[in-house]
Amino acid sequence: MRKITIFILNLVLFLIANGQEPARFFLRKSISYYDGVLLAANVTIPTKTVDLIKTKIKQALFLERFDYNELPQALQAKADAAIAGVNAMTQERLAEALEAIFVPEIVKILSINKEIRAKEFVDQQERINFLTTKAKESGITADDLEKVMNAGYLFIPFISAFAHNISGNRIDVSIEGGIIWYHISTTSDPPRLIPLVKKSSNAFGTAIIGKKYYEFMLGGEELTAEEFATLGAVKAYVKNLQILTREIPEFRLSAEIISAYGGNIVFKLGTKEGLKIDDKLDIVEFFEDTSGMPRAKSIGCALVTKVANNKDTSKTVRYSEARTFLGKAEPGMLVIERPRLPLELALRFGSFPLNENNEPIQNLGGELSLDFNVSNLFKFPHFYIPLSFGFGFPKNYESYYEISLGFLKKFYILRFGFGPLIKGEFAKVNPQASGFCAEFSGIGEFYLTPDLSFGVKAGYGLGTINHQFTTNGLIWSVSFNYNPPTLPFDPLALLRGVSGI
């Protein structure tokens, strides 16, 4: 992320040094795409899995900030031919193969665009006649020519490895691949297809053989263990590709801060660009160094609290809002998207009450919590559903385990976040005793970086396990919390695969 930020800042400085005003708002991009997934020659994937990957890639990468055009079938066939002989498909080998066969075909189309500008047609009919002639020569339609010529970027996803491994009663599926982005340059002489960036993603999924899984997002469809493990791997793979795409400097949302008051900032982005509640935004300011050269610096971070509906052009333009939790924003600064997964990982260590008598004994334990951000689903900022797994070391018993689900609402004051936490728990003491409990707590966090915070939790536990054990008493813990950009697995799919749910 630091390298990407430095790239953005250098780009801004380059524009300033050349006497141009740096971009104060995101410009919508036109994208061409390969409608499929390139597979290495040594990769074998069932047709159903390929179709699943294609569908999920479209869902993940068809971002609202872009306009999309499918590549003509003739060009897609050239891309297939380019990689037909590539076995161990690395990003470099794939790029070389594409640039040897596929890229020249794109350049031919870009050259047609150059001819159009040079001929300076008097009327539209002359232009149409010229395009029709060139379309026959190239083997694609005039409409397809127009789409490619008007696109600014092109992406091609690929799979370099796909494997499933059976160990005991478990099946694991892994995917390795990525995406190559090109910039379509029509201003250079000759026109060029410039490699912009290559991003890679590794992901895996798992399931218990013999178990039947029901995928609610597919209408309750029943899946075998292999199908479910494959789906989990594909979900993680495409989510990573989306985040990696949003991290590309040319594609990151940005806007100028219109006003700032009491920790709130106002800026011109909205639903048209795909902005969502609780999206993170870096705050960037400009200053002059000792030599008088302009410089840019990230000085803070904010969370989106209100998203304007700017799709309806008939209405007065409204602005989105965000709440700063690091740094201080002022009008004229920029906000730049900081892509992250809607998930926070919290690792906690502390104490919990557990005893057979009326006086609970404090025992030491730990907890891993997956705090899923559902703010955009409920249009309510800083709202989480924590799914937690706890373990303990009771003083008088063999073992203690718990799984819990709850609700968490956060509020922010400068670097501090705090809020109430309510959880329902299923706990198990020793092999034979189990039951349901509840927890009512408050959390506090201090942000060390935009993605890492130190936290504390204090509250009260309440419950009885098999009429034998009580969990009534004080609970406390300390934690480190992290908001990751990518993960090699889909958290819910992994949990379901491990547990057989």
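Residues numbered from 1 in each chain as written. Predicted model: local features only at pLDDT ≥ 70, side-chain atom pairs only at ≥ 80, totals over all residues. Heavy atoms only, no water.

Let's shift gears to the overall build of the protein. What the protein contains, in helices and strands, is 9 helices and 24 strands. Expressed as a percentage of contacts within the protein between residues at least 6 apart in sequence, the contacts between residues at least 24 apart total 64%. Of the roughly 23,900 Å² of accessible surface on the protein, 58% is carried by carbon and sulfur atoms. (Helix = DSSP H or I, 4+ residues; strand = E, 2+ residues; numbered from the N terminus. Contact = heavy atoms within 4.5 Å. Areas by Shrake-Rupley, 256 points an atom, 1.4 Å probe, with all protein chains shown as cover.)

Residues with a pLDDT of 70 or more make up 88% of the protein, whose mean pLDDT is 84. Mean pLDDT values for the elements of the protein range from 38 in helix α1 (residues 2-17) up to 95 in strand β24 (residues 473-482). (pLDDT = per-residue confidence, 0-100.)

Further remarks concern the packing of helix α2 (residues 47-61) against helix α7 (residues 225-246). Closest axis-to-axis distance for the α2/α7 pair is 9 Å, and the angle between their directions is 30°. Here α2 and α7 pass one another in a crossing that is right-handed. Side by side, α2 and α7 meet where Lys-48, Thr-49, Leu-52, Ile-53, Lys-56, Ile-57, Ala-60 and Leu-61 of the first sit next to Glu-227, Thr-230, Leu-231, Val-234, Tyr-237, Val-238, Leu-241, Gln-242 and Thr-245 of the second. In the contact of α2 with α7, the residues fall into 10 nonpolar, 4 polar and 3 charged. (Axes fitted to C-alpha atoms, helices over the stretch in contact; angles between N-to-C directions. Left-handed = near helix turned anticlockwise from the far one by under 90°. Nonpolar A, V, L, I, M, F, W, Y, C, P; charged D, E, K, R; others polar.)

Attention now moves to the nonpolar core. Judged by nonpolar contacts, the single largest core of 90 residues is most densely connected at Leu-38, Leu-98, Phe-102, Ile-159, Tyr-237 and Phe-267. Non-local contacts of Ile-159, meaning those with residues more than four positions away in its chain, are made with Val-37, Leu-38, Leu-39, Ala-40, Val-43, Ile-45, Ile-53, Met-89, Ile-175, Glu-176, Gly-177 and Tyr-237. (Core = buried A, V, L, I, M, F, W, Y, C linked by side-chain atoms within 4.5 Å. Buried < 20%, exposed > 50% of the residue type's maximum accessible area, 1.4 Å probe, protein only.)

Glancing now at the pattern of salt bridges. Summed over the entire model, instances satisfying the criterion amount to 23 salt bridges. Between Asp-490 and Lys-239 there is a salt bridge, with the nearest N and O atoms lying 2.6 Å from each other. Residue Asp-490 is located in the loop between β24 and α9 (491-499), and its partner Lys-239 is located in helix α7; the two are separated by 251 residues in the primary sequence. You can call Asp-490 buried: its relative accessible area is 6%. The class for Lys-239 is partly exposed, based on a relative accessible area of 38%. (Salt bridge = Lys/Arg side-chain N within 4 Å of Asp/Glu carboxyl O.)

On to unusual backbone geometry. Unusually for a residue other than glycine, Lys-379 sits at a positive phi of about 55°. For Lys-379, the location among the structural elements is in the loop between α8 (375-378) and β17 (383-393). For Lys-379, a relative accessible area of 57% corresponds to the exposed category. A positive phi angle, close to 60°, is found at His-382, a residue other than glycine.

Okay, the side chain of Ser-441 next. Structurally, Ser-441 is set in strand β21 (residues 433-447). A polar side-chain atom of Ser-441 sits 2.7 Å from a polar atom in the side chain of Glu-439. When sequence neighbours within four positions are dropped, the list of residues in contact with Ser-441 reads Gly-419, Pro-420, Leu-421, Lys-457, Ala-458, Gly-459 and Tyr-460. (Polar contact = N/O pair within 3.5 Å; in protein donor to acceptor, adjacent residues only side chain to side chain.)

This structure, assessed with the given rule, holds 24 aromatic pairs. When the ring of Phe-383 is compared with that of Phe-407, the centres are 6.2 Å apart and the planes differ by 10°; the resulting orientation is stacked. You can see Phe-383 sitting in strand β17 and its partner Phe-407 sitting in strand β18 (residues 400-409), a full 24 residues away along the chain. Residue Phe-383 is classed as buried on the basis of its relative accessible area of 15%. Relative to Phe-446, the ring of Phe-416 has its centre 5.2 Å away and its plane inclined at 55°; by these criteria the two rings are tilted. With Phe-416 in strand β20 (residues 416-429) and Phe-446 in strand β21, the pair connects residues that are 30 residues apart, well separated along the chain. Site record: aromatic cluster; members linked through ring pairs are Tyr-33, Phe-62, Phe-66, Tyr-68, Tyr-153, Phe-155, Trp-181 and Phe-251. Here the guanidinium or amino end of Lys-409 rests over the ring plane of Phe-380, the centre of that ring lying 5.3 Å away. Directly above the ring of Tyr-384 sits Lys-410, whose terminal nitrogen or CZ lies 4.6 Å from the centroid. (Phe/Tyr/Trp six-rings, centres within 6.5 Å; stacked < 30°, edge-to-face > 60°. Lys NZ or Arg CZ within 6 Å of the ring centre and 35° of its normal.)

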